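Each chain, written out:
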Amino acid sequence: MAVWPGPNGRLWIQFADQKQEFNKRPTKIGRRSLSRSISQSSTDSYSSGTYNTHTHTHNLPAASYTDSSDDETSPRDKQQKNSKGNGDFCIKNIKQADFGRREIEIAEQEMPALMALRKRAQGEKPLAGAKVVGCTHITAQTAVLMETLSALGAQCRWAACNIYSTQNEVAAALAEGGFSVFAWKGESEDDFWWCIDRCVNLEGWQPNMILDDGGDLTHWIYKKYPNMFKKIKGIVEESVTGVHRLYQLSKAGKLCVPAMNVNDSVTKQKFDNLYCCRESILDGLKRTTDVMFGGKQVVVCGYGEVGKGCCAALKAMGSIVYVTEIDPISHCPIMDGFRLVKLNEVIRQVDIVITCTGNKNVVVREYLDRMKNGCIVCNMGHSNTEIDVASLRTPELTWERVRSQVDHVIWPDGKRIVLLAEGRLLNLSCSTVPTFVLSITATTQALALIELYNAPEGRYKQDVYLLPKKMDEYVASLHLPTFDAHLTELSDEQAKYLGLNKNGPFKPNYYRLRTSSDQFNTT
């Protein structure tokens, strides 16, 4: 530190590192890119060598980021091949494979159950002969699942269930590894269905298992290739929306193969829906809007496990939280300290609106017109049907893209709302979710595929089933060593008293949390 006299007898003080630190600041900010670093997802980062004003850190060189180039050519118009000459894929840029591989290796460290399953079962190859077509979020965690399925003997072809959630570098790593992947971040609606069709429609290749997230893949096969179901052994579905579609097919007598509802597995519900959303709602909102939560008035539509997680996080940050629900049994928000209201009672005063019902038209144009200036509107449910975004695409309203996945929709009087991810799933479109949580989901999906694929004829009929409780508990047990956690064992006398097997299952098959068929809440 240097001290010397200045004008008027004042002392000037300069710290040794002050000048050096000041010189680090560039004169202008580089453009935003739809990007993601090697070690941390960020759909709102800057290009190479620029100063990130949100985190006050320098970013890695541009080569480590997805979409850092100005190449706007559609992947459908490119001819790409991996190092082995295989071109059966369609992704953004195969050159990003090395960065994607590092992402996958990082994810493996936080997915202990899936890695344990891979190690235990790869010698037996329980999925030998399985041809799995999948439609899920294509992330590093999904890549660990796909590579596990491959290690267990399956062939896989994959598309994305969300046009914004694909990690391009991970898709590149999968393509380099020989997987047929058709997905990139920022697909159009037409691209989305084209990618699904490319997954399914391949001469000489017939899927015999479906792994779906949202039901779009199942819907497409029913619509375009119904004869494929003659060879398909089963469907595994993990979302509220997709499970609801399956129950509708079953009720109408149109479900022609067994389906496994893994969304309502207790372990998955708790971790993926409750604990995951409790963390990722704040992450998604903070990355996109830089909002301070303390004192904000928030309305959460739906009090299922996702809604519970969002409410708990926002309450802990000092927000004033309201909840909307249709189910009279779900008076839990009142007992948890939240006000149960109708949306029209609070729509003019709230600062943030979050939907997590799985339903359609929860926030319609009437509510959007009545929102206050600057209100943030987002969706934590799987589908983009909850917010009536289509009603905002009218001549009198102006759309301004202010950053990746953030739009200002401006009314003629100057009022604007902040719409995130165009009403699509906030956490996977705008941030990330904890890898450990996805280990639970992915392991559950893998076990469901193994169960349906190897089940003897007649065990499962053309209906929707829950994952057997024994398997559900097995998934949970595989994660306990990570926490150095130790379960208490029942004595013979205690097990007899409770009428249980000492080794489980400890819950009856009918035990479950609030289920997908119960969660289609409106306002």
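Residues numbered from 1 in each chain as written. Predicted model: local features only at pLDDT ≥ 70, side-chain atom pairs only at ≥ 80, totals over all residues. Heavy atoms only, no water.

- An unreviewed UniProt entry annotates the protein chain as S-adenosyl-L-homocysteine hydrolase NAD binding domain-containing protein originating from Esox lucius.
- Reading the Sequence similarities (unreviewed entry) entry of the UniProt record for the protein chain gives the comment "Belongs to the adenosylhomocysteinase family." (UniProt positions renumbered as here; feature names shortened; annotations may be inferred.)

Topic: the sheet that holds strand β14 (residues 320-324)
Phase 1 of the analysis: Pairing is mixed across the open sheet formed by 8 strands, whose spatial order is β15-β14-β13-β16-β17-β20-β19-β18. Here the strands that pair on one side only, and so sit at the sheet edges, are β15 (339-340) and β18 (398-403).
Phase 2 of the analysis: Of the pairings in the sheet, the one linking β18 to strand β19 (residues 406-410) comprises 5 bridges and is antiparallel in character. When the bridges of β19 are listed, Arg401 appears paired with Asp407.
Phase 3 of the analysis: Packing of helix α9 (residues 266-289) onto the sheet brings it into contact with β16 (352-355), β17 (376-379), β18, β19 and β20 (416-420), and relative to β20 it is tilted by some 125 degrees. (Pairing = 2+ DSSP bridges. Helix = DSSP H or I, 4+ residues; strand = E, 2+ residues; numbered from the N terminus. Contact = heavy atoms within 4.5 Å. Axes fitted to C-alpha atoms, helices over the stretch in contact; angles between N-to-C directions.)

A closer look at the nonpolar core
Looking at soluble globular proteins, one finds that nonpolar side chains tend to be buried together.
Phase 1 of the analysis: With 59 residues, the main nonpolar core has Val132, Leu149 and Val181 as its most contacted residues.
Phase 2 of the analysis: Looking at this core, the element that brings in the most residues is helix α15 (residues 435-454), giving 11 residues.
Phase 3 of the analysis: For Leu149, the contacting residues outside a window of four places in its chain are Leu127, Ala154, Cys156, Trp158, Ala446 and Leu449. (Core = buried A, V, L, I, M, F, W, Y, C linked by side-chain atoms within 4.5 Å. Buried < 20%, exposed > 50% of the residue type's maximum accessible area, 1.4 Å probe, protein only.)

Brief notes about α9
Phase 1 of the analysis: For α9, with 24 residues, the first-to-last C-alpha span of 33 Å sits near the 34 Å given by 1.5 Å per residue.
Phase 2 of the analysis: The largest bend along α9 measures about 50 degrees and falls at Cys277.
Phase 3 of the analysis: The positive-phi residue at the C-terminal boundary of α9 is Asp290, with phi of around 60 degrees. (Expected span 1.5 Å × (residues − 1). Bend = angle between axes of the 7 residues up to and from the residue.)

Here's the deal with helix α6 (residues 189-200)
Phase 1 of the analysis: In this model α6 runs 17 Å from its N-terminal to its C-terminal C-alpha over 12 residues, within 8% of the 16 Å that 1.5 Å per residue would give.
Phase 2 of the analysis: Contacts made by the buried residues of α6 are with β7 (131-136), β8 (155-160), β9 (180-182) and α7 (216-224).

Thoughts on the packing of aromatic side chains
Phase 1 of the analysis: This model, assessed by the stated rule, comprises 8 aromatic pairs.
Phase 2 of the analysis: Ring geometry for Phe192 against Trp193: centres 4.9 Å apart, planes inclined by 80 degrees, an arrangement best described as edge-to-face.
Phase 3 of the analysis: Aromatic side chains Tyr222 and Phe229 sit 4.2 Å apart centroid to centroid with 35 degrees between the ring planes, which places their arrangement in the tilted category.
Phase 4 of the analysis: The ring of Trp205 carries Arg157 above its face, with NZ or CZ at 5.6 Å from the centroid. (Phe/Tyr/Trp six-rings, centres within 6.5 Å; stacked < 30°, edge-to-face > 60°. Lys NZ or Arg CZ within 6 Å of the ring centre and 35° of its normal.)

A few points about the confidence of the model for the protein chain
Phase 1 of the analysis: In this model, the protein chain carries a mean pLDDT of 85, and residues with pLDDT of at least 70 account for 84%.
Phase 2 of the analysis: Scored below 50 in pLDDT, residues 11-70 shows 115 contacts in the model against residues more than four places distant or in partner chains. (pLDDT = per-residue confidence, 0-100.)

Structural notes on the pattern of salt bridges
Phase 1 of the analysis: The tally for this structure, following the rule as stated, stands at 21 salt bridges.
Phase 2 of the analysis: A salt bridge links Lys372 to Asp351; the shortest N-O distance between them is 3.0 Å. Here Lys372, found in the loop between α13 (365-370) and β17, pairs with Asp351, found in the loop between α12 (343-346) and β16; they are 21 residues apart in sequence, far enough to count as distant.
Phase 3 of the analysis: In this structure, Asp369 and Arg365 form a salt bridge, with 2.7 Å as the shortest nitrogen-oxygen distance. Of this pair, Asp369 and Arg365 are both found in helix α13, 4 residues apart, which corresponds to roughly one turn of the helix.
Phase 4 of the analysis: Judged by its relative accessible area of 19%, Arg365 falls in the buried class. (Salt bridge = Lys/Arg side-chain N within 4 Å of Asp/Glu carboxyl O.)

Focus: the environment of Pro468
Phase 1 of the analysis: Its place among the elements puts Pro468 in the loop between β21 (464-466) and α16 (469-479).
Phase 2 of the analysis: For the pair Pro468 and Ala448, spaced 20 residues apart in sequence, the C-alpha to C-alpha distance is 9.0 Å.
Phase 3 of the analysis: With residues up to four places along the chain from it excluded, the contact list for Pro468 reads Tyr460 and Asn509.

Some words on the pairing of β7
Phase 1 of the analysis: Extensive coverage of β7 is indicated by the burial of 5 of its 6 residues.
Phase 2 of the analysis: Sheet topology places β7 next to β8; 6 bridges connect them, and they run parallel. When the sheet's bridge partners are listed, Cys135 is paired in β8 with Ala159.
Phase 3 of the analysis: Taken together, β7, helix α4 (residues 140-151) and β8 form a β-α-β motif whose crossover is right-handed.
Phase 4 of the analysis: Sheet topology places β7 next to strand β10 (residues 209-212); 4 bridges connect them, and they run parallel. Note on β10: the bridge partner recorded for Val132 is Met209. (Right-handed = clockwise from strand over helix to strand, strands pointing away.)

Some remarks on empty space enclosed by the protein
Phase 1 of the analysis: With the rule as written, the count across this model stands at 2 cavities of 30 Å³ or more.
Phase 2 of the analysis: Quantified by volume, the largest cavity comes out at close to 560 Å³.
Phase 3 of the analysis: Every residue lining the largest cavity is counted, 38 residues in all, and those nearest its centre are Asp213, Glu238, Lys268, Asp272 and Leu425.
Phase 4 of the analysis: Taken together, the elements giving at least two residues each to the lining of the largest cavity come down to α4, α8 (240-251), α9, α10 (305-316), α14 (426-430) and α15. (1 Å grid on protein atoms, 1.4 Å probe; cavity = no way out; pocket = protein on both sides within 12 Å on 5 of 7 lines; lining within 4 Å. Points joined across faces, edges and corners; volume = space filled by probe spheres on them.)

A few points about the UniProt feature "binding site: NAD(+)" (unreviewed entry) in the protein chain
Phase 1 of the analysis: On the UniProt side, "binding site: NAD(+)" (unreviewed entry) is annotated at positions that read Gly304, Glu305, Val306, Gly307, Lys308, Gly309, Glu325 and Asn427 here. From the set just named, the residues that line the largest cavity comprise Gly304, Glu305, Val306 and Asn427.
Phase 2 of the analysis: Within the secondary structure, Val306 sits in helix α10.
Phase 3 of the analysis: If we ignore the near neighbours within four places in the chain, the residues touching Val306 are Asn273, Cys277, Cys356 and Met380.
Phase 4 of the analysis: Note that Gly307 resides in helix α10.

So, the state of the cysteines
Phase 1 of the analysis: Evaluation of the coordinates by the stated rule reveals 0 disulfides.
Phase 2 of the analysis: Cysteine Cys135 is unpaired, with the sulfur of Cys161 as its nearest cysteine sulfur at 5.6 Å.
Phase 3 of the analysis: Cysteine Cys195 is unpaired, with the sulfur of Cys90 as its nearest cysteine sulfur at 5.8 Å.
Phase 4 of the analysis: Look at Cys195 and you get buried, because its relative accessible area is 1%. (Disulfide = S-S within 2.5 Å.)

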